Amino acid sequence: MLNGTEDEEKWLAEGIAGIQHNAFYMHRALDSNNLREALKYSAQMLSELRTSKLSPHKYYELYMRAFDELKRLELFFKDDSKHGVSVVDLYELVQHAGNILPRLYLLCTVGSIYIKSKEAPAKEVLKDLVEMCRGVQHPIRGLFLRSYLAQISRDKLPDIGSEYEGDADTVMDAVDFVLQNFTEMNKLWVRMQHQGPGGVREKREKERSELQDLVGKNLHVLSQIEGVDLEMYKETVLPRVLEQVVNCKDDLAQYYLMDCIIQVFPDEYHLQTLETLLGACPQLQPTVDVKTVLSRLMDRLSNYAASSADVLPEFLQVEAFSKLSNAIGKVIEAQLDMPAVGAITLYVSLLTFTLRVHPDRLDHVDQVLGACVKKLSNIPKLEDSRAMKQVVALLSAPLEKYNDIVTALTLSNYPRVMDHLDIGTNKLMAMVIIQSIMKNNSCISTADKVEVLFELIKGLIKDIDGADVDELDEEDFKEEQNSVARLIHMLYNDEPEEMLKIICIVRKHTMVGGPKRLPFTVSSLVFSALRAANGCDIEHVAYEFFTQAFLLYEEEIADSKAQVTAIHLIIGTLQRMNVFGVENRDTLTHKATGYSARLLKKADQCRAVYACSHLFWVDDQDGIKDGERVLLCLKRALRIANAAQQMANVARGSGGPVSLFVEILNKYIYFFEKGNKQITSSAIQGLIELINTEMQSDSTNPDSVADAFLASTLRYIQFQKQKGGVMGEKFESIKL
């Protein structure tokens, strides 16, 4: 065993020095065309590779020094005019080297030339070389020797279209050679685990990992052989490779080689041999990370399916989903100690696969979710954060694929999976669902889907057992509840009966939310019910809603700021209602304007009153257009603004801000554009002059905001004047 890094560096330096020393004399022999001396010093040089003191990483450095010298030696062997010995005799001559390791390196080097000379069938030379290499059974030395054999022979295999293909040499000979070399290398690699004392297993496994690519290169060579078509891969290559993988009973080798198979061979081959490949998975050692192997396989197949619609029939033909689903079930069943995160990761990969390959098969999606529920049901409490993230990924995948929560709501197992999330993750997933609805502007239009949806987001609309309400962050809580409130507005059906069912379901769920949640959700529910009443043309119901709203305003809202907010909500809602007859509408608009004029502050009064002007001018085909009452509201707002200015003058000895006048000016311009004949250009002209006079008054405080607002308004008027056409003519008479 190694005694430390310093000793290993010393041994490596000694080995390199030995190679350089013998290579020097070998070069002299080559320059003088002295074959005997060249063989002598090359054998001594290669003897440095007999060391057992180096780790694989350091041995590789030594090997590469020798490899570079062997390339020069090969050039010498190739030119028989320099040494005068035929390649057949040279092949015999190098076999007399004293030590077996140098002898076999030299034999492989000459063998490469022997094949190229075509003086013997390639398959015979290859068979001879691969058999002879069995003479080295030391794992590291044997692996590098066979790696050298694979390197020098890879361009001399009897492949289709190759110059070495002939009557005596076939593709099968090439495949047999590579498979035999692979098998022997894997045996050497696996044998490494039994070397040395048991206490250094971790170090030994690290060293083995450093050597895995030497073994895997054989599979890469197999994948590059042109003659290995699907039939040969199915009948010969894959069965023989899998036989070696399963029989070696080594977890590191099994994991690496299964992954290697998946990475190097074509997607089409995997699809057509899916049953064979998957059949090996349950036979692997229990410690093998099969979930990663299967996940990578499904990822490759998913990408293959996404590459072209033309390949999708192949997936249906081989029943890929069914085979993958069965294989995953068998693996989970066989590996009883597999952690929850491993099993759920497999289901995520399977779900991703079926969403890409069979997006229309919702039964497949629900089947995967159901299998996950079954697995989660056997776990008393899911506490692994990694597993929880995978569950979220599982639930998010259908939302991302379909861009439509309505589709997810048809999956019976979707809410059952959500039930296994902890409280925090459940709320997080509920927010993801709501955000998906908002992003895609989805309308949930049936009562049964609303029922399922509110079951999914119950973590946001009521306290779940075990949740600590006091620990809720106030900002997070507000964001959650505002999201629920916005969601309620996305629930709609044109049929009054179905809409009433939806409202009743929402009421059932939201009313158990507690006093902290109700202020957010109830108002949305009320407005939703109003829209239902408006759409149903049930005037008395809609009127009753407004009556109750005014009662609440009078009896329950005492704070002046809350009153301002409430009256603007009432005005905005009433403006959109078209269910009322003349008498009821007049009553309600009269109340709204009356309450607006009685607000505490003059500025609030002014803004609420000019907002009421929109109650008399609804800009749609069948909307109300009472220009005279619009003008009355605006004139009343102007009087209130003027009163506010005078009060400021009395109280502070200076005028108040003129921003209210500019706001009213904008309302005049709005209705002027909409064609209200009561709003004339002269009225707008007069209002502009009034504002300018107020601004120039010595008693008026400078107001940069009002100045900017007025300047912007005047620029808009100028823009309309320059636009030309009918609108340009309307504005032309306004002088700035």
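Keep in mind that what you see is a predicted model, and the values were worked out from it rather than measured. (Residues numbered from 1 in each chain as written. Predicted model: local features only at pLDDT ≥ 70, side-chain atom pairs only at ≥ 80, totals over all residues. Heavy atoms only, no water.)

1. Examining the overall build of the chain
Then, in step 1: Each helix and strand counted, the chain has 37 helices and zero strands in total.
Then, in step 2: Relative to the compact-globule value of 27 Å for 736 residues, the chain shows a C-alpha radius of gyration of 42 Å, a clear excess of over 25%.
Then, in step 3: For the chain, the C-alpha atoms occupy an extent of roughly 120 × 60 × 55 Å along the three principal directions.
Then, in step 4: A buried classification covers 50% of the 736 residues belonging to the chain.
Then, in step 5: Relative to all contacts within the chain whose residues are 6 or more apart in sequence, the contacts with residues 24 or more apart total 72%.
Then, in step 6: Surface accessibility of the chain: about 35,100 Å² in total, with carbon and sulfur atoms responsible for 49%. (Helix = DSSP H or I, 4+ residues; strand = E, 2+ residues; numbered from the N terminus. Rg over C-alpha atoms; globule rule 2.2 N^0.38 Å. Buried < 20%, exposed > 50% of the residue type's maximum accessible area, 1.4 Å probe, protein only. Contact = heavy atoms within 4.5 Å. Areas by Shrake-Rupley, 256 points an atom, 1.4 Å probe, with all protein chains shown as cover.)

2. Describing the packing of helix α8 (residues 139–153) against helix α10 (residues 201–224)
Then, in step 1: Running from N to C, α8 and α10 cross one another at 35 degrees; their axes reach a closest spacing of 10 Å. For the pair α8 and α10, the crossing hand works out as left-handed. Where α8 abuts α10, its residues I140, L143, F144, S147 and A150 lie against L211, L214, V215 and N218.
Then, in step 2: A per-class count over the contact of α8 with α10 returns seven nonpolar, two polar and no charged. (Axes fitted to C-alpha atoms, helices over the stretch in contact; angles between N-to-C directions. Left-handed = near helix turned anticlockwise from the far one by under 90°. Nonpolar A, V, L, I, M, F, W, Y, C, P; charged D, E, K, R; others polar.)

3. Thoughts on the domain arrangement of the chain
Then, in step 1: Partitioning the chain into structural domains gives domain 1 (1–120), domain 2 (122–265), domain 3 (266–403) and domain 4 (636–735).
Then, in step 2: Here the C-alpha centroids of domain 1 and domain 4 sit 98 Å apart. (Domains from an automatic or database assignment.)

4. A few points about helix α24 (residues 447–456)
Then, in step 1: Taken together, the buried positions of α24 are occupied by A447, V450, L453, F454 and L456.
Then, in step 2: Elements that come into contact with the buried residues of α24 comprise α21 (405–409), α22 (414–418), α23 (423–439), α25 (458–461), α26 (474–488) and α27 (496–510).

5. So, unusual backbone geometry
Then, in step 1: Phi is positive for K249, close to 50 degrees, though the residue is something other than glycine.
Then, in step 2: For K249, the position within the fold is in the loop between α11 (230–248) and α12 (251–264).
Then, in step 3: Since its relative accessible area comes to 56%, K249 is described here as exposed.

6. Remarks on helix α6 (residues 100–117)
Two residues of an α-helix separated by three or four positions point the same way, owing to the 3.6 residues in each turn.
Then, in step 1: With 18 residues, α6 should cover 26 Å at 1.5 Å per step; its first-to-last C-alpha distance of 25 Å lies within 8% of that length.
Then, in step 2: Most of α6 sits inside the fold, with 14 of its 18 residues counted as buried.
Then, in step 3: Remark: K118 follows α6 within two positions and exhibits a positive phi of approximately 60 degrees. (Expected span 1.5 Å × (residues − 1).)

7. Brief notes about the packing of aromatic side chains
How two aromatic rings sit relative to each other is set out by the distance from centre to centre and by the angle between their planes.
Then, in step 1: As enumerated under the stated definition, the model contains 22 aromatic pairs in all.
Then, in step 2: Aromatic side chains Y233 and Y269 sit 5.1 Å apart centroid to centroid with 35 degrees between the ring planes, which places their arrangement in the tilted category. Within this pair, whereas Y233 is found in helix α11, its partner Y269 is found in helix α13 (residues 267–272), the two being separated by 36 residues in sequence.
Then, in step 3: Y233 gets classed as buried once you look at its relative accessible area, which sits at 0%.
Then, in step 4: Taking the centre distance of 5.0 Å and the plane angle of 80 degrees together, the rings of Y670 and F671 count as edge-to-face.
Then, in step 5: According to the relative accessible area criterion, Y670 is partly exposed, its value standing at 28%.
Then, in step 6: F671 gets classed as buried once you look at its relative accessible area, which sits at 0%.
Then, in step 7: Members of the aromatic cluster, joined through ring pairs, are Y59, Y60, Y63, F67, Y105, F144 and Y148.
Then, in step 8: The residue whose ring lies beneath K730 is F672, and the NZ or CZ to ring-centre distance is 4.4 Å. (Phe/Tyr/Trp six-rings, centres within 6.5 Å; stacked < 30°, edge-to-face > 60°. Lys NZ or Arg CZ within 6 Å of the ring centre and 35° of its normal.)

8. A short note on the environment of E205
Then, in step 1: Mapped onto the elements, E205 comes out in helix α10.
Then, in step 2: Here E205 falls in the buried class, since its relative accessible area comes to 16%.
Then, in step 3: Each C-alpha atom of the pair E205 and K625 lies 85 Å from the other, and the pair is 420 residues apart in sequence.
Then, in step 4: Apart from residues no more than four positions distant in its own chain, E205 is found in contact with Q193 and L252.

9. Description of the nonpolar core
Then, in step 1: Of all hydrophobic cores here, the largest spans 190 residues; its most connected members are I261 and Y414.
Then, in step 2: Here this core takes twelve residues from helix α18 (residues 340–357), the largest share from any one element.
Then, in step 3: Among all residues touching I261, those that are not within four sequence positions of it are L219, Y233, L238, V241, L242, V245, H270 and L277.
Then, in step 4: Counting 56 residues, the second-largest nonpolar core is a separate cluster that includes F616, V630, I691 and I734. (Core = buried A, V, L, I, M, F, W, Y, C linked by side-chain atoms within 4.5 Å.)

10. Thoughts on the state of the cysteines
Then, in step 1: Under the counting rule described, the total for this entry stands at zero disulfides.
Then, in step 2: Residue C606 stays outside any disulfide, its sulfur separated by 11 Å from that of C612, the closest cysteine.
Then, in step 3: The structure places no disulfide on C633, whose sulfur is separated from the nearest cysteine sulfur, that of C612, by 5.8 Å. (Disulfide = S-S within 2.5 Å.)

11. Structural notes on the environment of V130
Then, in step 1: Relative to the helices and strands, V130 is located in helix α7 (residues 122–132).
Then, in step 2: Those residues in contact with V130, other than ones at most four positions away along the chain, are R146, L149, F177, Q180 and N181.

12. Notes on the packing of helix α2 (residues 35–46) against α6
Then, in step 1: In contact at an axis separation of 8 Å, α2 and α6 are set at 120 degrees when each is read in the N-to-C sense. The handedness of the crossing between α2 and α6 comes out as right-handed. Taking contact as the criterion, the partners of S42, A43 and L46 in α2 are, on α6, L101, P102, Y105 and L106.

13. With respect to a negative patch on the surface
Then, in step 1: A contiguous patch of negative charge on the surface is contributed by D473, E474, E475, D476 and E479.
Then, in step 2: Positionally, E474 belongs in helix α26. (Patch = residues over 30% accessible without salt bridge, like charges linked within 9 Å, V, L, I, M, F, W, Y side chains within 5 Å. Salt bridge = Lys/Arg side-chain N within 4 Å of Asp/Glu carboxyl O. Lys, Arg positive; Asp, Glu negative; His and termini not counted. Charge placed at Lys NZ, Arg CZ, Asp CG, Glu CD.)

14. Concerning the pattern of salt bridges
Then, in step 1: Taken as a whole and assessed by the stated rule, the structure comprises 25 salt bridges.
Then, in step 2: Between E61 and K58 there is a salt bridge, and its shortest N-O distance comes to 3.9 Å. Residue E61 and its partner K58 are both found in helix α3 (residues 56–78); the two are separated by three residues, about one turn of the helix.
Then, in step 3: Among the residues examined, E61 registers a relative accessible area of 32% and is labelled partly exposed.
Then, in step 4: The buried category is assigned to K58, whose relative accessible area is 14%.
Then, in step 5: Among the salt bridges present, the one from R208 reaches E205, with a minimum N-O distance of 3.3 Å. Highlighted residues: R208 and E205, both in helix α10, separated by three residues, approximately one helical turn.
Then, in step 6: Residue classification places R208 among the buried residues on the basis of a relative accessible area of 0%.
Then, in step 7: Sharing partners across several salt bridges, the network here consists of E9, K58 and E61.

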